[in-house]
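Each chain, written out:
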Amino acid sequence: MPRSSTRLTFAVLATGAGVFSMLQSLIAPALPTVQHALHTSQSTATWVMTAYLLSASIFTPILGRVGDLIGKKRTLVAVLVALTLGCLLAALAPTIGVLIVARVIQGIGGALFPLSFGIIRDEFAAEEVSPSISNLSAVIAAGGGVGVVAAGPIVSALDYRWLFWLPVGIVAATALIALRFIPESPTRASGRVNWLGAVLLSGWLITLLLPLSQAAVWGWGSARVITLFVAAALLFVLWLLAEARSANPLIDMRVMRLPAVWTTNAAALLFGAGMYAIWSFLPAFAQTPSTAGYGFGASVTGAGLLMLPMLLAMFGAGVLSGRLEPRLGAKRLLVAGAALGAVACGFLTLWHDQQWQIAFVAGIFGLGIGLAFASMANLIVGSVPAEQTGAATGMNANIRTIGGSIGASVTSVLVTSRLQPSGLPYQSGYTHGYALLAVLCLAATLAALLVPARRARLTAGSLRAVGAPESAESRHAAPSARG
């Protein structure tokens, strides 16, 4: 593909993935506004976030696999169209129920991540793949930060509906450009979609993530939460059995057992727990009135601006990692990213009395996020057969989301377990939460150290050794690459 074409392709992929990533966090600061405007309760308003999380968790790996099978470009365009319709419906939603349905449709956009990584691997020259994946990961990471920073000013200057109106035109134009200019990927997986595996995967994801996201409302010891956790465990076992016996597994467990894959996924689970919790609770800490004995009484916009160093650091570190990866290897960058997260949370545990301290720590964590995001994607893409790229990167994104849900839920318990007479949490709840996140990021660092120091491109022999399917790429294996 000509250089100019790869640049256009990357711009399209980065725009779509960046907008979806932004939508993940853009609505969170505006939930009280949405609740008031649509005359609903706080518990109902939280479903605007929960529905999006559940939908994205389901569609990300499933449509990633569909793209491997029927063509990544075709699937990418369909996903962009769905995301456009979801944003349009959300902007027009007259009731909270319609808005929740719109968020479910938007969640289909989660498939943009694995599809984009797969297209880069299929279409770009070998020497461009790693830097391009790092740059795309930087855009994805920064997109979440943009949502946190931009939500307040948009709602203040316009209206919460503009959180959805603005993406409509951008994503629609992106879909048209993708249809016209992105070539269809030549690499296809054989077989068909394993719908039983898809149903079971959806089942255990819903029954796991739903109680994690609603436990604060329902109560951790409630019958609903316990029943759903038990159902999640049973469905997970059934899913593993179904995938192991299927001639066309949705997620090939043999590929998931590859050393570079399972260790990277373990790091993603643990690091995701720390990352998403910081995104949720650091702005809440800044917005707490100083009468509580801590906090700064910041507005939504002010709290978002305190996160600006994180946004800038995420993007800069992600882009930089593409230049460092050929020299240092993705493993070292993942270790460094997770370690920076642990350092940031450790500092935050003891050092949060001034706003500049929050901004400084946010910047350190942003460096960690940028390095970790890029290196995880490169490790997965470089370790699986080409026709498994969509499914494997989709599961990595899902595992990171699951970790985020766990981290946010456990941190919420620590923060809200003891409340002052005013109803605000005690400062100790936040410090205990930050200490837990430091431990989780440290555990992610240890998991990253288990990633093989060097990864070789998959060969027929290595695939047979783990029982993984042999790909066309593996039959023409390239020299080993740094991992």
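In every chain, residue numbers begin from 1 and rise along the written sequence. Totals for whole chains, interfaces and linings use all residues, but because this is a predicted model, local features are given only for residues with pLDDT of at least 70 and pairs of side-chain atoms are given and counted only at 80 or more. To get the side-chain values, take all heavy atoms of the structure and skip hydrogens and water.

## What to know about the side chain of asparagine 135
A helix here means a DSSP run of H or I that spans at least four residues, while a strand means a run of E at least two residues long, and both kinds are numbered starting from the N terminus. Turning to its location among the elements, asparagine 135 is positioned in helix H8 (residues 126-157). What makes two residues a contact is simply this: any of their non-hydrogen atoms within 4.5 Å. Ignoring any residue separated from it by four or fewer positions in sequence, one finds asparagine 135 in contact with Phe10, Gly318, Val319 and Arg323.

## Brief notes about the packing of aromatic side chains
Think of it this way: a Phe, Tyr or Trp ring, Trp meaning its six-membered ring, pairs with another when their centres are within 6.5 Å, and the plane angle makes it stacked under 30 degrees, edge-to-face over 60, tilted otherwise. Counted by the stated rule, this structure contains 16 aromatic pairs. Geometrically, the ring pair formed by phenylalanine 20 and tyrosine 52 is stacked, given 5.3 Å between the ring centres and 20 degrees between the ring planes. Remark: tyrosine 52 occurs in helix H4 (residues 47-70) and phenylalanine 20 occurs in helix H1 (residues 3-26); sequence separation between them is 32 residues. Here phenylalanine 20 and tyrosine 52 have matching classes, each one buried. The interplanar angle of 25 degrees and the centroid separation of 6.0 Å between the aromatic rings of phenylalanine 271 and phenylalanine 365 together place this pair among those described as stacked. Placement of phenylalanine 271 in helix H13 (residues 259-287) and of phenylalanine 365 in helix H17 (residues 355-381) is noted, with a sequence separation of 94 residues between them. Burial status follows relative accessibility: with a 1.4 Å probe on protein chains alone, a residue under 20% of its type maximum counts as buried, one over 50% as exposed, and anything between as partly exposed. Taking the relative accessible area as the measure of exposure, phenylalanine 271 reaches 1% and is therefore buried. Phenylalanine 365 gets classed as buried once you look at its relative accessible area, which sits at 2%. Here a set of aromatic residues connected by ring pairs shows up, and it is made of Phe285, Tyr294, Phe296, Tyr430 and Tyr434. We call a charge positioned over a ring when the NZ of a Lys or the CZ of an Arg lies within 6 Å of the ring centre and within 35 degrees of the ring normal. Over the ring of phenylalanine 181 we find arginine 180, and its NZ or CZ is 4.9 Å from the ring centre.

## A few points about the pattern of salt bridges
It is possible for side chains of opposite charge to pair when their charged atoms get near one another. By definition here, a salt bridge exists when the distance from a side-chain nitrogen of Lys or Arg to a carboxyl oxygen of Asp or Glu is within 4 Å. One pass over the full model with this rule turns up 3 salt bridges. For the salt bridge of lysine 72 with aspartate 68, the shortest nitrogen-to-oxygen distance reads 3.8 Å. Residue classification places lysine 72 among the buried positions, given a relative accessible area of 1%. Look at aspartate 68 and you get buried, because its relative accessible area is 0%. We note a salt bridge from lysine 72 to aspartate 122, for which the minimum N-O separation is 2.8 Å. Here lysine 72 is found in helix H5 (residues 72-92), whereas its partner aspartate 122 is found in helix H7 (residues 112-123), with 50 residues between them in sequence. Overall, the relative accessible area of 16% leaves aspartate 122 in the buried class. The network of salt bridges with common partners includes Asp68, Lys72 and Asp122.

## Observations regarding empty space enclosed by the protein
The way it works is a 1 Å grid over only the protein atoms, where trapped points that fit a 1.4 Å probe form a cavity and open points with protein on both sides within 12 Å along at least five of seven lines form a pocket, and then any residue with an atom within 4 Å of a point lines it. Grid points are joined across faces, edges and corners, and a volume is the space filled by probe spheres set on the points. In the structure shown here, the tally under the stated rule is 2 cavities of 30 Å³ or more. Space inside the largest cavity adds up to approximately 110 Å³. As for the largest cavity, its lining consists of Phe113, Phe117, Ser137, Ile140, Phe373, Met376, Ala377, Ile380, Thr393, Asn396, Ala397 and Arg400. Of all the secondary-structure elements, those providing two or more residues to the lining of the largest cavity are H7, H8, H17 and helix H18 (389-416). Tallied by class, the residues present in the lining of the largest cavity amount to 8 nonpolar, 3 polar and 1 charged. In the scheme used here, Gly and all other residues not listed as nonpolar or charged are polar, with Ala, Val, Leu, Ile, Met, Phe, Trp, Tyr, Cys and Pro taken as nonpolar and Asp, Glu, Lys and Arg as charged.

## Describing the confidence of the model for the chain
Considering every residue of the chain, the mean pLDDT works out to 86; 93% of them sit at 70 or more. For every residue, the predictor reports its confidence as pLDDT, a number between 0 and 100. By mean pLDDT, the top-scoring element of the chain is H5 (96), and the lowest-scoring one is strand E2 (residues 481-482) (39). In the predicted structure, residues 455-483 sits below a pLDDT of 50 and forms 65 contacts with residues beyond four places in sequence or in another chain.

## Focus on the environment of isoleucine 251
Tracing the backbone shows isoleucine 251 in the loop between helix H11 (223-245) and helix H12 (253-256). When the C-alpha positions of isoleucine 251 and isoleucine 108 are compared, they lie 18 Å apart, and in sequence the two are 143 residues distant. The contact partners of isoleucine 251, leaving out residues within four places of it in the chain, are Pro61, Trp239, Glu243, Met256, Ala391 and Met395.

## Observations regarding the nonpolar core
Leu76, Leu99, Phe271, Ile278, Met310, Phe365 and Ile369 are the most contacted members of the largest nonpolar core, which totals 156 residues. Once residues lying within four places of it in the same chain are set aside, the contact partners of isoleucine 278 are Pro283, Met307, Met310, Cys345, Leu348, Phe365, Tyr434 and Leu437. Definition of nonpolar core: a set of buried residues of the types Ala, Val, Leu, Ile, Met, Phe, Trp, Tyr and Cys, connected through side-chain atoms within 4.5 Å.

## With respect to H4
The span expected for a helix works out to 1.5 Å for each residue beyond the first. In a regular helix each residue adds 1.5 Å, so 24 residues correspond to 34 Å; H4 covers 33 Å between its end C-alpha atoms and thus fits that length. At any given residue, the bend is defined as the angle formed between two axes, one fitted to the seven residues that end at that position and one fitted to the seven that begin there. The largest bend in H4 amounts to roughly 30 degrees and is located at phenylalanine 59, with the proline proline 61 lying one to four residues further along. The element H4 is largely enclosed, with a buried count of 20 among its 24 residues. Glycine 71, located one to two residues past H4, shows a positive phi value of around 125 degrees.

## Here's the deal with the environment of glycine 304
Secondary-structure assignment places glycine 304 in helix H14 (residues 300-306). Taking the relative accessible area as the measure of exposure, glycine 304 reaches 2% and is therefore buried. With 152 residues separating them in the primary sequence, glycine 304 and glycine 152 have C-alpha atoms 7.1 Å apart. What glycine 304 contacts, discounting residues up to four positions off in sequence, is Val148 and Val149.

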